[in-house]
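# Examination of the molecular architecture
Now for the letters of each chain:
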Amino acid sequence: MGIMDTALLVGLGGVLLGYLLVVRAGFHREFAWGVITLIPVVSLAFVMLYWRKARIGFILSILGLMVTAVALYGGADRTVERQLAKLGIDVDIPMPVQRFWEVEVPNEELVRRIEAETGQPLVMVEDNPYAPVDIQPLSPAGSFRVEQAPAVTRAWREAHREELSRLVGEHMRLTISPGATREGLLTSVTGPTLFLSQRTAQGTISFEYRIRDLQSIEVWDVAGARPRIPEPEPELTSEGEPDIIFAPPDSDTPPPTEEQPPLDW
């Protein structure tokens, strides 16, 4: 039994105990009120009219409801559904809000297949390869002078589609929809799609994204760096071509003749 299952039992126990305290207060006040408090919704009338007598049970019930709601949001609803399924009761407990693990991710079928093979759920790990690391350097020898390299400032800049093939291996940030971004290393670009490598608790997985479905593509580059768009190849011109000195054998152009000096008899 997990923490959420225990919290569900505690919450339901608090609701039941608080309700019984309200019913007990109703019978102490008057038998008719005790019968009325047996009806859950109608018992609120007794709580409002005789607050001092019913406040402890009512507050305990509210706290129990809050603990129950948190337990159901945390996943205890699946335990309830499994237990009811064993009794032959097929029920689906709806949640009014979307839980974080219910958000659709790219290549969800691949993730589910890996989860089935490993027997453990995949957990996304936020990894920042450019986070500062506290490293203690070795003390240099007296004959050496240590020069500190200038700090390089990096920032996110917009990546152009023409330069994606030259950004393989760089840290990228993709905006799929407002508020939904994905970060990882760009592993390859194949025509209309690109592959982004993201780390999980079980290892590294490469996800495929269609470029036309992305709202923006950013690269973690040196601040002020220019886009890495390849330069256009220069066109070949006819200037500087050598003149024909010797004509091929099958050509009709006669070879050039040299003037012979006159003979002196």
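Scroll up for the structure.
In what follows, the accompanying structure is described. Every value quoted in this text rests on a predicted model; they were computed, and no experiment measured them. (Residues numbered from 1 in each chain as written. Predicted model: local features only at pLDDT ≥ 70, side-chain atom pairs only at ≥ 80, totals over all residues. Heavy atoms only, no water.)

## Section: the pairing of strand E4 (residues 193-200)
Definition in use: Between buried and exposed lies partly exposed: a residue is buried under 20% and exposed over 50% of the maximum accessible area for its type, with that area taken using a 1.4 Å probe on protein chains only. The way it works is that DSSP assigns letters per residue, a run of H or I at least four long becomes a helix, a run of E at least two long becomes a strand, and they are numbered from the N terminus. When DSSP finds two or more bridges between a pair of strands, those strands are recorded as paired.
The buried fraction of E4 is high, at six of eight residues. Pairing between strand E3 (residues 180-190) and E4: five bridges, direction antiparallel. Paired with leucine 186 across the two strands is leucine 196, which belongs to E4. In this antiparallel pair of consecutive strands, E3 and E4, the connection spans two residues, and glycine 191 shows a positive phi of 60 degrees.

## As for the packing of aromatic side chains
How we decide: Aromatic pairs are defined between Phe, Tyr and Trp rings, using the six-membered ring for Trp, whenever the two ring centres lie within 6.5 Å; interplanar angles under 30 degrees are classed as stacked, those over 60 as edge-to-face, and all others as tilted.
Taken as a whole and judged by the stated rule, the model has six aromatic pairs. Summarising the aromatic geometry, the rings of tryptophan 51 and phenylalanine 58 are spaced 5.9 Å apart at their centres and angled 70 degrees between planes, so their arrangement reads as edge-to-face. Taking relative accessible area as the criterion, tryptophan 51 reaches 39% and is therefore assigned partly exposed. We classify phenylalanine 58 as partly exposed; its relative accessible area is 26%. Aromatic rings pair up to connect Trp33, Phe46 and Tyr50 into one cluster.

## Thoughts on the pairing of E3
The pairing of strand E2 (residues 171-177) with E3 spans six bridges and is antiparallel. Its bridge partner lying in E3, threonine 175 is registered against threonine 181. Hairpin connection from E2 to E3: two residues lie between these consecutive antiparallel strands, with glycine 179 at a positive phi of about 90 degrees.

## Some details on the sheet that holds strand E1 (residues 154-158)
This is how the line gets drawn: Only C-alpha atoms enter the line fits that serve as axes; for helices the fit covers just the stretch in contact. Angles between N-to-C directions range over 0 to 180 degrees.
Reading across from one edge, E1-E6-E2-E3-E4-E5 is the order of the six strands in this open sheet, with antiparallel pairing throughout. Two strands lie at the open edges of the sheet, namely E1 and strand E5 (203-210), each paired on one side alone. Between one strand axis and the next, the sheet turns by 40 degrees as a mean value, whatever way the strands run.

## Remarks on the packing of helix H1 (residues 3-29) against helix H4 (residues 51-86)
So the rule is basically this: Here the word oblique covers every angle except those under 35 degrees (roughly parallel), over 145 (roughly antiparallel) and from 65 to 115 (roughly perpendicular). Handedness of a helix crossing follows the sense of rotation of the near helix relative to the far helix, less than a right angle counterclockwise being left-handed and clockwise being right-handed. Residues are grouped as follows: nonpolar covers Ala, Val, Leu, Ile, Met, Phe, Trp, Tyr, Cys and Pro; charged covers Asp, Glu, Lys and Arg; every other residue, Gly included, is treated as polar.
Closest axis-to-axis distance for the H1/H4 pair is 6 Å, and the angle between their directions is 155 degrees. Here H1 is positioned roughly antiparallel relative to H4, judged by the angle of their axes. Like other packed secondary-structure pairs, H1 and H4 cross with a definite hand, here left-handed. Residues belonging to the contact of H1 with H4 are distributed by class as follows: 21 nonpolar, nine polar and three charged.

## Considerations on H4
Filter applied, for reference: By definition here, a helix of n residues has an expected span of 1.5 Å times n minus one. Throughout, bend refers to the angle between the axes fitted to the seven residues that end at a position and the seven residues that start at it. In this analysis, two residues are considered to be in contact whenever any of their non-hydrogen atoms come within 4.5 Å of each other.
Compared with the 52 Å implied by 1.5 Å per residue over 36 residues, the 42 Å span of H4 between its first and last C-alpha is markedly short. Along H4, the sharpest kink reaches roughly 80 degrees, centred on glycine 75. For H4, the set of buried residues is Ala54, Gly57, Ser61, Gly64, Thr68, Ala71, Leu72, Gly75, Ala76, Asp77, Thr79 and Glu81. Against H1 and helix H3 (43-49) lie the buried residues of H4. Count one or two residues on from H4 and you reach glycine 88, which has phi positive near 85 degrees.

## Points about a positive patch on the surface
Stated precisely, the cut-off is as follows: Note on patches: the residues involved have over 30% relative accessible area and no salt bridge, like charges join within 9 Å, and the nonpolar side chains Val, Leu, Ile, Met, Phe, Trp and Tyr join within 5 Å. All accessible-area figures derive from a Shrake-Rupley calculation using a 1.4 Å probe, and residue coverage is judged against the displayed protein chains alone. Here, a salt bridge means any Lys or Arg side-chain nitrogen found within 4 Å of an Asp or Glu carboxyl oxygen. Just so you know, the count uses Lys and Arg for positive and Asp and Glu for negative, and it drops His and the chain ends. Lys charges are placed at NZ, Arg charges at CZ, Asp charges at CG and Glu charges at CD.
Taken together, the side chains of Arg29, Arg52, Lys53 and Arg55 present a region of like positive charge at the surface. In terms of residues, the positive patch owes the most to one element, H4, which gives three residues. Turning to its location among the elements, arginine 29 is positioned in helix H1.

## Details of the pattern of salt bridges
Counted by the stated rule, this structure contains seven salt bridges. The salt bridge partner of glutamate 170 is arginine 228, with a shortest N-O separation of 3.3 Å. Of this pair, glutamate 170 sits in the loop between E1 and E2 while arginine 228 sits in the segment after strand E6 (216-222), and the two are 58 residues apart along the sequence. The exposure class assigned to glutamate 170 is buried, which follows from its relative accessible area of 19%. Glutamate 218 serves as the salt-bridge partner of arginine 173, at 3.0 Å between the closest nitrogen and oxygen. Taken as a pair, arginine 173 in strand E2 and glutamate 218 in strand E6 lie far apart in primary sequence, 45 residues in all. Note on arginine 173: relative accessible area 21%, which makes it partly exposed. Connected via shared salt-bridge partners are Arg157, Glu163, Glu170, Asp221 and Arg228.

## A few points about the environment of leucine 38
On the secondary structure map, leucine 38 appears in the loop between helix H2 (31-37) and H3. The exposure class of leucine 38 is partly exposed, given its relative accessible area of 47%. Distance from leucine 38 to valine 23, taken between C-alpha atoms, is 6.3 Å for residues 15 residues apart in sequence. Those residues in contact with leucine 38 that lie beyond four places of it in its chain are Tyr19, Val23 and Phe27.

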